[in-house]
Structure formats: C-alpha cells, structure tokens
Amino acid sequence: AQSVTQLGSHVSVSEGALVLLRCNYSSSVPPYLFWYVQYPNQGLQLLLKYTSAATLVKGINGFEAEFKKSETSFHLTKPSAHMSDAAEYFCAVRTFNKFYFGSGTKLNVKP
Amino acid sequence: DVKVTQSSRYLVKRTGEKVFLECVQDMDHENMFWYRQDPGLGLRLIYFSYDVKMKEKGDIPEGYSVSREKKERFSLILESASTNQTSMYLCASSSTGTANSPLHFGNGTRLTVT
C-alpha cells in the first residue's frame, strides 16, 4: 500500500516569509502526486499536480512543488506568504484509481 | 470546470435515524468516493465506486452503505446514525481516462448526530 507522510501538522510563518510544506511518499511505481488546499468548512481544492513533464510544478496562488525522485519527496513552497494562505494543505498520491492522503499540515500566517 | 455538488452543507440528525447524503458530479466521471474527515485523523475513505451499481469498501465502511444507480450520483447512507458518526463528509470524483487525473471534491456536509 502507498503511504504519504507530511512532516509537521502545524507550520507557522510570518507574512512575507517563505512557506515550505513537506511531503514524502512511498511508491514502487511512478507516482502521480497532488497538493490540495482546504479552507475552513470547505472541501479540498486542487493546488497543483505532478505531470512528469517537469520536476518543478507551478500551481495556483503562487505555490509550486518540486518532485525529487531520489528523495521520494514533493515539497510545496511559496516564496512569500500571504494572510490568505492560512489553510490546511494535503499531499496525495494516486495509484491506479485510488488516492492516498497525508494527514495534512495547517499553515498559520502571522501578521 | 468539474462541479461536485453535495446536497447539504449542514445536517443535524438524531441517534437511530436513517441518513442520506447525496452527491452529484457533472463531468461524467467514472469514479466516485466518500470520505470522512475528523480532526487529527485526516481523510478516511468510506466507500468508492468505479462504475454504476459497483461499490467497494474503503478503510472504514462499518455503519455505512452506498448507492450508485446513475453515473453522476453517489449516495452515502447511514443506516442508523450514531453520535460517533458526527463528522465532515466529503464526496469526490475522478476520471479513469488519464493516470494523473485529480480528485475533485464537493464542499462537504457537516453532519451532527445528537
């Protein structure tokens, strides 16, 4: 079975600072990787997905993620945090038709 | 854009009631899923369906059943609601067509069982 590990259930950054949310996966086959964001009392919204065309993937709201096969990682970054980025972020892996999610990281942005 | 619509945002039901949560998607997706989300436990898969009238158990199917009579609709049924089923329920759909097709989620139904 696949597993997805998100290090840090809570991350706090100051507005304007770099955001780094970590995701590691276990996969014996080429992975299909995704990042989702969830705002309070809403469903999950797709931020970005890995397509194998490039190791650096750009998503919405200025987020990007870098696929590193040697490290089995797909960390999410944003150069400058904004207050509106405060939310919970989930990393996911798709294998065939099933999706496996990390436990989520809540991002707090301080003014 | 894919739209996944859950019929209720908030529901309050009594213990022992039969509860129906409805989900409709408008993109002709083959796959549909029901998850529940609880603080500290992340997303847990209850049931999923790859096609009409087909269903498979996820990680926590006990106390739930599902129905998929039409491709666009996937219903979650709580046969006899209990307080430990108070949770946020998320419906999602995806296409089988390409391997990296994402899951598309509805806005969720927050169910309270009293």
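It should be emphasised that the depicted structure is a prediction, and the values quoted were computed from it without experimental measurement.

In this section: the overall build of chain A. When its secondary structure is counted, chain A shows zero helices and twelve strands. Seen in sequence order, chain A has helices and strands lined up from the N terminus as β-β-β-β-β-β-β-β-β-β-β-β. The C-alpha atoms of chain A give a radius of gyration of 13 Å, which matches the 13 Å a tight globule of 111 residues would have. Its C-alpha atoms give chain A principal-axis dimensions of roughly 40 × 30 × 20 Å. Scored against the burial criterion, the 111 residues of chain A give a buried share of 44%. A separation of at least 24 residues holds for 55% of the contacts in chain A among residues at least 6 apart in sequence. With an accessible surface of roughly 5,400 Å², chain A has 54% of that area assigned to carbon and sulfur atoms. When the 10 positive and 6 negative side-chain charges of chain A are each reduced to one mean point, those points stand 8 Å apart.

Right, let's talk about the packing of aromatic side chains for a bit. Throughout the structure, instances matching the rule amount to 16 aromatic pairs over all chains. Aromatic ring contacts, followed pair by pair, group Phe34, Tyr36, Phe99 and Phe101 of chain A together with Phe33, Tyr35, Phe48, Tyr50 and Phe105 of chain B into a single cluster.

With the rule as written, the count across this model stands at two disulfides over all chains. The disulfide partner of Cys23 of chain A is Cys91 of chain A, and the gap between their sulfur atoms is 1.9 Å. Its S-S torsion of approximately -65° makes the covalent link between Cys23 of chain A and Cys91 of chain A left-handed. Separated by 68 residues along the polypeptide, Cys23 of chain A in the loop between β3 (19-21) and β4 (24-26) and Cys91 of chain A in strand β10 (residues 87-95) bring together distant segments of the chain. Here Cys23 of chain B engages in a disulfide with Cys91 of chain B; their sulfurs sit 1.9 Å apart. The disulfide joining Cys23 of chain B to Cys91 of chain B has a torsion of about -80° about its S-S bond and is therefore left-handed. In this pair, Cys23 of chain B is assigned in strand β4 (residues 23-25) and Cys91 of chain B in strand β10 (residues 87-94), connecting sequence segments 68 residues apart.

With that settled, consider unusual backbone geometry. Unusually for a residue other than glycine, Asn41 of chain A sits at a positive phi of about 60°. Looking at the element boundaries, Asn41 of chain A is found in the loop between β5 (32-38) and β6 (44-49). Given a relative accessible area of 38%, Asn41 of chain A falls into the partly exposed group. The phi angle at Asp28 of chain B is positive, at roughly 60°, despite the residue not being glycine. Positionally, Asp28 of chain B belongs in the loop between β4 and β5 (31-38).

Calculation notes
- Residues numbered from 1 in each chain as written.
- Chains lettered and ligands numbered in written order.
- Predicted model: local features only at pLDDT ≥ 70, side-chain atom pairs only at ≥ 80, totals over all residues.
- Heavy atoms only, no water.
- Helix = DSSP H or I, 4+ residues; strand = E, 2+ residues; numbered from the N terminus.
- Rg over C-alpha atoms; globule rule 2.2 N^0.38 Å.
- Buried < 20%, exposed > 50% of the residue type's maximum accessible area, 1.4 Å probe, protein only.
- Contact = heavy atoms within 4.5 Å.
- Areas by Shrake-Rupley, 256 points an atom, 1.4 Å probe, with all protein chains shown as cover.
- Lys, Arg positive; Asp, Glu negative; His and termini not counted.
- Charge placed at Lys NZ, Arg CZ, Asp CG, Glu CD.
- Phe/Tyr/Trp six-rings, centres within 6.5 Å; stacked < 30°, edge-to-face > 60°.
- Disulfide = S-S within 2.5 Å.

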